[in-house]
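Next come the chains, spelled out residue by residue.
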Amino acid sequence: MSDPQNRSRTTHCGLLRPEHEGREVTLFGWVQRQRDMGHLLFVDLRDREGIAQIVFSTAKPELLEAAKKLRPEYVVAVSGVVRRREPNAVNAEMATGEVEVEAGGFEILNVSKVPPFQIADPVQASEELRMKYRYIDLRRPSKQHALRLRHEAALRTRNYLSGRGFLEIETPFLTKSTPEGARDYLVPSRIYKGRFYALPQSPQIFKQTLMISGFDRYFQIVRCFRDEDLRSERQPEFTQIDIEMSFVDREDIFSLVDGMLASVFEIIGEKVETPVPRLTFPESMDKYGTDKPDLRIKAEITDLTAEASTSRSEVIRKVIDAGGTLRGLRVPRAAGLSRSHLDKIGQKAQELGAKGVIWLKKQDEFRSSLKLEEAEARLIWEKMKARDEDLVLLVADRREIALPVLSHFRKELLQGQAEKGFSFVWVTDFPLFEWSDEEKRIVSVHHPFTSPLADDIPLLDSEPLRVRARAYDIVCNGYEIGGGSVRIHDFALQRRIFDILGLGEKEIEEKFGYFLEALGYGTPPHGGIAMGFDRIVMLLAGEESIREVIPFPKTTSALCLLTGSPAEVSERQLDELGLKLKK
């Protein structure tokens, strides 16, 4: 067949298998590479499913000569017959490696300039270049795979939740600015000059309103927007799986999400053991120094404060007498770390806010960066269950400093010893409030609609910072992939929380007026969760950045190098909106 374009595609390149032998096929795709052997020309043709090898030979000399004009990334239609490769020509590393297509005709559908980098994994190009030419970058097999996983994860999620009585309901993108921990993206109104919409940081109030409206079970795979300071693992626009349920407690939500994650991770053949284990916030901080522990790393932080109470070291005793703590981390098989490496660990600890790190080794005798008596060193060594080949790191400081510092080294030094696969854990019983030095007032740890634990409600007025929340996070491999809470459904309790947060009547009315009034019209008990969809897909794809699984991400500087946004707008547009730029 000389004109493949007159026929429809019969199959994708990457789907050809031995059972297609003898079949005439029509393929469409991009030229990956070509190998000119003189009497034979091999062309690798690529589409979203993979690569097929096309063979042009002297059996059709005119076709062979024409095919030699093909170049990388030309868009081509090819027709031919599938045949098995010779045994010595089989490529076991390719899914299509047992077959090839003997070309009977082809047509160049479009030519291509030389790409700025080769379409191959691993890519040999800077991230900046890849983001500028994202449409080229997305042709790479790993990116095609990642976006396919994204689609399959979304489909699994929708089917799972739909099968359990949830309705997917859209909520507005143009809404009202409300404080939820980050700056809003504001959208000026042309019709009502001087007034602004805000893009939602989450559909929080709307999904709770849907519970008041009686919809009972809601979900949405939704875009959200946060104008945050630059952080490598964040995006100004991101996607979350948003869920809300009526007449539930947190155990119902745990069970639902456990099952959903099990369904989603089946895509890559991973079995999620359910129920997912639980840790309270205090337990997580004491054992791992973080509320996002990577449980694939088995090491735990050890409390040595009791042992330190009898220390003869002035450095340690001074910290303990001031109400501080001594915590330790055993680093297996790290006794051989050089002195310069240990010095860098100490410098990093100081950068993280600690006075430093004390290291302890046992090689014939105890050696330490701090003078310790033999009996004291042995007491610590035995409590840490350390062995001769191990290294013990100690931090003597305030609890809120010692724990995060050792958590950092737990991850940095022990990541290579982490178990393979995925480890999930629920973290519960977070504080409801925290003190903000910046605002000089109590603020919500999550958001002001989070319900306190019933046992702690008597503490709201007398000791609000001791009140625990009915809030929870789901963590996987050290990443928080979701967070939620059981909400406040009682009008009087919600007002009480607003009062504790120091919100005045005018501010409450301006920001939450309609919602607070709605609570008075028969609000059911309800709760929910928001799951970080980009982060889940990142884990499925085995990537280390969510930018790798988002089709068109922003850089860490919140720029879109592909389109050049954010960009300036014309004076006319500003005039229509009633805006003037400040210099």
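Our structure is the block above this text.
These numbers come from a predicted model, not from an experiment. (Residues numbered from 1 in each chain as written. Predicted model: local features only at pLDDT ≥ 70, side-chain atom pairs only at ≥ 80, totals over all residues. Heavy atoms only, no water.)

1. Brief notes about unusual backbone geometry
And then number 1: Residues Asp121 and Pro122 are joined by a peptide bond in cis, for which omega reads -5°.
And then number 2: Following the sequence through the fold, Pro122 ends up in the loop between strand 5 (99–110) and helix 2 (127–132).
And then number 3: Here the residue pair Ser565 and Pro566 is connected by a cis peptide bond, since its omega of 0° sits within 30 degrees of zero.
And then number 4: Despite not being glycine, Ala558 shows a phi value in the positive range, around 65°.
And then number 5: Among the secondary structure elements, Ala558 is positioned in the loop between helix 15 (533–541) and helix 16 (571–577).
And then number 6: Note on Ala558: relative accessible area 27%, which makes it partly exposed. (Helix = DSSP H or I, 4+ residues; strand = E, 2+ residues; numbered from the N terminus. Buried < 20%, exposed > 50% of the residue type's maximum accessible area, 1.4 Å probe, protein only.)

2. Notes on the sheet that holds strand 14 (residues 358–363)
And then number 1: The strand order across the open sheet built from five strands is 12-13-16-14-15, with neighbouring strands paired in antiparallel fashion. Both edges of this open sheet fall to strand 12 (302–303) and strand 15 (365–368), since each of them pairs with a single strand only.
And then number 2: Sheet strands in contact with helix 11 (residues 374–383) are strand 12, strand 13 (325–331), strand 14, strand 15 and strand 16 (391–397), and its direction is about 90° off that of strand 14. (Pairing = 2+ DSSP bridges. Contact = heavy atoms within 4.5 Å. Axes fitted to C-alpha atoms, helices over the stretch in contact; angles between N-to-C directions.)

3. Some points on the layout of surface pockets
And then number 1: By volume, the second largest pocket amounts to about 610 Å³.
And then number 2: Lining the second largest pocket are 16 residues, with Tyr185, Leu186, Leu199, Pro566 and Ala567 positioned closest to its centre.
And then number 3: Elements supplying a minimum of two residues to the lining of the second largest pocket: strand 7 (185–188) and strand 8 (196–199).
And then number 4: The biggest single contributor to the lining of the second largest pocket is strand 7, with four residues.
And then number 5: Residue composition of the lining of the second largest pocket, grouped by class: 13 nonpolar, one polar and two charged. (1 Å grid on protein atoms, 1.4 Å probe; cavity = no way out; pocket = protein on both sides within 12 Å on 5 of 7 lines; lining within 4 Å. Points joined across faces, edges and corners; volume = space filled by probe spheres on them. Nonpolar A, V, L, I, M, F, W, Y, C, P; charged D, E, K, R; others polar.)

4. Let's talk about the pairing of strand 9 (residues 217–225)
And then number 1: Among the nine residues of strand 9, seven are classified as buried, and the element is accordingly described as predominantly covered.
And then number 2: Relative to strand 9, strand 6 (residues 167–168) runs parallel, the two sharing two bridges. When the sheet's bridge partners are listed, Leu167 is paired in strand 9 with Tyr218.
And then number 3: The sheet contact formed by strand 9 and strand 10 (residues 237–246) spans nine bridges and is antiparallel.

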